[in-house]
Protein chains: 2
Amino acid sequence: MTQATPPRIGIIGTGAIGGFYGLMLARAGFDVHFLLRSEYAAVNDRGLHLNSVVHGALSLHPVQAYARASDMPPCDWLLVGTKTTGNLELAPIIAQVAAPDAKVVVLQNGLDVEDSLREHLPGSLHLLGGLCYICVHRSAPGVVEHQALGRINLGYHSGSAINDDLRRQGIVEEGAALFRQAGIDSQAMANLHQARWHKLVWNVPYNGLSVLLGAGTTALMADESSRELIQALMAEVVLGAQACGHEIAESYAEQMFTMTESLTDYWPSMYHDHLHKRPLELAAIYARPLAAAKAAGCELPRMQALYQALSFIDRRNA
Amino acid sequence: MTQATPPRIGIIGTGAIGGFYGLMLARAGFDVHFLLRSEYAAVNDRGLHLNSVVHGALSLHPVQAYARASDMPPCDWLLVGTKTTGNLELAPIIAQVAAPDAKVVVLQNGLDVEDSLREHLPGSLHLLGGLCYICVHRSAPGVVEHQALGRINLGYHSGSAINDDLRRQGIVEEGAALFRQAGIDSQAMANLHQARWHKLVWNVPYNGLSVLLGAGTTALMADESSRELIQALMAEVVLGAQACGHEIAESYAEQMFTMTESLTDYWPSMYHDHLHKRPLELAAIYARPLAAAKAAGCELPRMQALYQALSFIDRRNA
C-alpha cells in the first residue's frame, strides 16, 4: 500500500514541538496544515519562525493555518503537539481532521497518553506515539527557539495493524522516513511502552525539579546535591520500568545524565507551564508511571514525593 | 546541693526563642542577662517586647543586655538560642559566661547539636538539650511574636553528672522547675536522643516543606498531596528513630499532625532563614539524622530527597 502522492500532514497544536516539526516538514516540501488556537492570527499574518542552533534561522510564510478543525482538509498524518492536560477535548478534533486511514502521532511526554484518546477515535485510525528528544520553547507567538537535539522516535500504539507485525512496522517506518526526509533523526521503536519509560528517565527528574527548584539544567547539573537527586530519581524510573517488564540498560540513565551536562541551559516545558500558571502535566509524567509501578509491586518513594510536591504547586497555581 | 540564692540566668542569642524564654523568666523574678549581637542597641534602648496569643502583650525594660560576652557576670544557667549553623563560634562564648558548675541548655533543633560544643567546653559544665514546642518569630528587633504552644522539654547530654543518675535527674528537674516557675510547661526527659528524634518528627516535614513549597502550615495542611507527603516524611523519621534504637509510638506522629492542623498559620524558622538568605539548619535537622539512620542500616529516601533539594536551595542562597 504505497501512496502515489506525498502524504498530507496536519499539525494539531502548533506550540514549540508542533511548530518545530511542522515547519521542518513543510520546508522539506510536504503539504503541512497547522491548527492553532491563541496564536492563529499571529501565525496567519506573520508566519512561523524558527531560531535554531542546529538549522539556523528558518521561516515559513505564508502558513496553511487554521483556527477551526472543520476548515482543515483531511490529513494522512496528524502530529499532535498539544499538552496532555487537554487530551479530553482532543479526540473530536482528531476525528474531524483525520483521513479514513490516517496515522495519528501523539508527540507528548508521559505514560499511556494515547489511552484516553484511543477510546474516542474511530478504530480505523492508527495511533502512534512520538518521543521527542529536543530542547525547544516558544519565545513569542509563532516563534520557536531550538536549543539542541531534535530526534523523534516513533512507536505503534493501537489501530487496525496492531496484530499485523509487518504492516505495523511498515507504518512506523513510513513515519520515521517522513521525518528523516525533513533532516530530522527518527527511529522506529518496536515497543512504544518501553520507549515511553526511556523518555521518563529524563522527564521525571528535570521537568519536576525545574519547577520545584526554579532552576534550569545548568544550575541543576552544577550542584552536588541536585545531581545526586537527579541520579536517584533516574534510578527509580529505571526500577519502575523494570517492574513493568521494560528493561532499561544501566548505562542509559548515565547517558541521559551526561547528555544533559552538555546542553546550554535548558528550562523544560513544565517550567514554562508553571511560570504561566498553566496546568502541569503531572498525570502523564508522574501519576500514571507511579501507578503502573505500584501495580507491579514497586514503590518509587522519591518520585512519589516529587509528585506530591508538584501536585501542591499545581493546585496552588490553579 | 540546693542553691540559697536564685540562679543567675544567661541568654546566649536573643532571637525569638531566647527572647521568649528569657523574657518569661525575667518576668517571673529571675536574674536574667541577655547577650545580643545585631539587636543590642535596639533592645538596650527600647527593651524586649512579646506579643503573645497565650500571655498577652508583655514588656521588659530596662533589659540587662550585653553586646560582649566578656561584660556578662558568670551565670548558673545558660540558655543557648542561636542557630546551629553558628555552633563553631559558640563554645568560647559559653566558656566565658558560664559559672564553674553551670548548666548549659542548648535550645536548638536537630540531632547531636551538643556534640560539637561539648568537645570545646570545660568538663565541669553540664550540657543539656532543650526541645522547644513553640511557635514564635521575631517581627522586629527586640519584638517577639508568640503564636502558640510554649512547652520546653529538657534532657541531659553530658557533663560530670553523666554517670550519676540521681544527680543528673536532679539537674534536669531543677531546669524544668525554673521554666514551670515562669509559667511554662516543662518536662524532664530521661533520654535526650530520643527526645530529639521526637522533635524531628515535626521539624523534618514542616521546616523543609515551608522552604521548598513557600508555604506555611495552613496551606500545607489544606492540600491532599502535601498532607500525604508530610505523613510519609513523619513515618520515615519514626523509622529512622527506631533503627537508632529509639521507639516512637505510632500515635505520636498522628498527634503532631493533628496538632499542626489546629495552629494558626505558622511559618517555621527555616522559612524565615531562607527568606533572609541565612544558612539553613540542614546539618542538624537532616544530614545528621540521615547519617545516623544510614549507619543503622536504614534508608529514608523521601527525607534524603528533601535534604538534597534544600541543600541546592541553601547553596544558591549563599
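Chain A goes by 2-dehydropantoate 2-reductase in an unreviewed UniProt entry, where it is assigned to Pseudomonas karstica. What UniProt states about chain A under its Catalytic activity (unreviewed entry) heading is, verbatim, "(R)-pantoate + NADP(+) = 2-dehydropantoate + NADPH + H(+)". Regarding chain A, the relevant UniProt record gives this comment under Function (unreviewed entry): "Catalyzes the NADPH-dependent reduction of ketopantoate into pantoic acid."

### Overview of the packing of aromatic side chains
Aromatic ring pairs are defined here through the distance separating the ring centres and the angle between the ring planes. All names here are of chain A. Counting across every chain of the model gives 12 aromatic pairs over all chains. With a centroid separation of 6.4 Å and an interplanar angle of 15 degrees, the aromatic rings of Y286 and Y307 are classed as stacked. Linking Y286 in helix α11 (residues 282-295) with Y307 in helix α12 (residues 301-317), this pair joins segments that are 21 residues apart in sequence. The class of Y307 is partly exposed, set by a relative accessible area of 24%. Connected via pairs of aromatic rings, a cluster forms that spans F20, Y21 and F179. Lying over the aromatic face of Y133, K199 brings its terminal NZ or CZ to 5.3 Å of the ring centre.

### Concerning the pattern of salt bridges
A full pass over the atoms with the stated rule returns 24 salt bridges over all chains. Between B:R138 and B:E39 there is a salt bridge, with its nearest N and O atoms 2.4 Å apart. Taken together, the residues span a long stretch of sequence, with B:R138 in strand β8 (residues 126-140) and B:E39 in the loop between β2 (31-35) and α2 (40-46) at a distance of 99 residues. Given a relative accessible area of 10%, B:E39 falls into the buried group. Linking B:R278 and B:D273 is a salt bridge whose minimum nitrogen-to-oxygen distance equals 2.9 Å. We classify B:R278 as partly exposed; its relative accessible area is 35%. Here the residues in one salt-bridge network are A:K83, A:D273, A:R278 and A:E281, joined through shared partners.

### Notes on the UniProt feature "domain: Ketopantoate reductase N-terminal" (unreviewed entry) in chain A
In the numbering used here, UniProt assigns the feature "domain: Ketopantoate reductase N-terminal" (unreviewed entry) to residues 9-158 of chain A. Across residues 9-158 of chain A, helical content stands at 21% and strand content at 45%; the span's end C-alpha atoms are separated by 19 Å.

### Observations concerning the interface of chain B and chain A
Counting residues at the interface gives 23 residues for chain B and 23 residues for chain A. Summed over both sides, the interface between chain B and chain A buries roughly 2000 Å², with carbon and sulfur atoms accounting for 56% of that surface. Per-residue buried area on chain B facing chain A is highest for B:L213, B:Q308 and B:F312; these three make up 31% of the total on that side. Scanning the region where chain B abuts chain A turns up two salt bridges. Here A:R315 and B:D223 are joined by a salt bridge, their closest N and O atoms 2.6 Å apart. At the junction of chain B and chain A, the tally comes to 12 residue pairs in polar contact (both at pLDDT 80 or more).

### Regarding the environment of B:L263
All names here are of chain B. The residue L263 is located in the loop between α9 (250-261) and α10 (269-275) in this model. Taking C-alpha positions, L263 is 25 Å from T82, a pair spaced 181 residues apart along the chain. If sequence neighbours within four positions are ignored, L263 has contacts with C135, A148, L149, T217 and T218.

### Focus: the side chain of A:S311
With respect to the element layout, A:S311 can be found in helix α12. In terms of polar contacts, A:S311 uses its side chain to reach the backbone carbonyl oxygen of A:Y307, at 2.8 Å. Residues contacting A:S311, with those up to four places away along its chain left out, are A:L282 and B:S225.

### So, the pairing of strand β9 (residues 143-158) of chain A
The two faces of the sheet receive side chains in turn, since in a regular strand these alternate between them. Residue and element names in this part refer to chain A. Across the 16 residues of β9, 14 count as buried, placing the element largely inside the fold. Note: strand β8 (residues 126-140) against β9, 13 bridges, orientation antiparallel. The residue bridging L131 from the neighbouring strand is N153, located in β9. As consecutive antiparallel partners, β8 and β9 are separated by two residues, and within that stretch G142 has a phi angle of approximately 80 degrees, a positive value. Both β9 and strand β10 (residues 186-189) contribute to a ladder of four bridges, which runs parallel. Counterpart to I152 in the pairing with β10 is S186.

The rules behind the values
Note on numbering: residues in each chain are counted from 1, in written sequence order. The naming scheme follows written order: chains are lettered A onward, ligands numbered 1 onward. Local features in this predicted model are restricted to residues of pLDDT 70 or higher, and side-chain atom pairs are both shown and tallied only at a pLDDT of 80 or more, whereas totals for entire chains, interfaces and linings draw on every residue. To get the side-chain values, take all heavy atoms of the structure and skip hydrogens and water. UniProt positions are given in the numbering used here, feature names are shortened, and annotations may be inferred rather than shown by experiment. Note on aromatic pairs: the rings of Phe, Tyr and Trp (six-membered ring only in Trp) are paired at centre separations within 6.5 Å, and the planes decide the class, stacked below 30 degrees, edge-to-face beyond 60, tilted for the rest. Runs of E in the DSSP output that reach at least two residues are strands. Runs of H or I that reach at least four are helices, and both are numbered from the N terminus. Note on exposure labels: buried denotes an accessible area under 20% of the residue type's maximum, exposed denotes more than 50%, and partly exposed covers the range between, all computed with a 1.4 Å probe on protein chains only. Our definition puts a charge over a ring when NZ of Lys or CZ of Arg is within 6 Å of the ring centre and also within 35 degrees of the ring normal. By convention in these notes, a salt bridge is any Lys or Arg side-chain nitrogen within 4 Å of a carboxyl oxygen on Asp or Glu. By definition in these notes, contact holds between two residues if any of their heavy atoms fall within 4.5 Å. Two parts placed together each lose some accessible area under a 1.4 Å probe, and adding up what both lose gives the buried area. For the purposes of these results, a polar contact is taken to be a pair of N or O atoms within 3.5 Å, where, inside protein, one atom must be able to donate a hydrogen and its partner to accept one; residues adjacent in sequence count only when each atom of the pair is a side-chain atom. For two strands to pair, DSSP has to find at least two bridges joining them.

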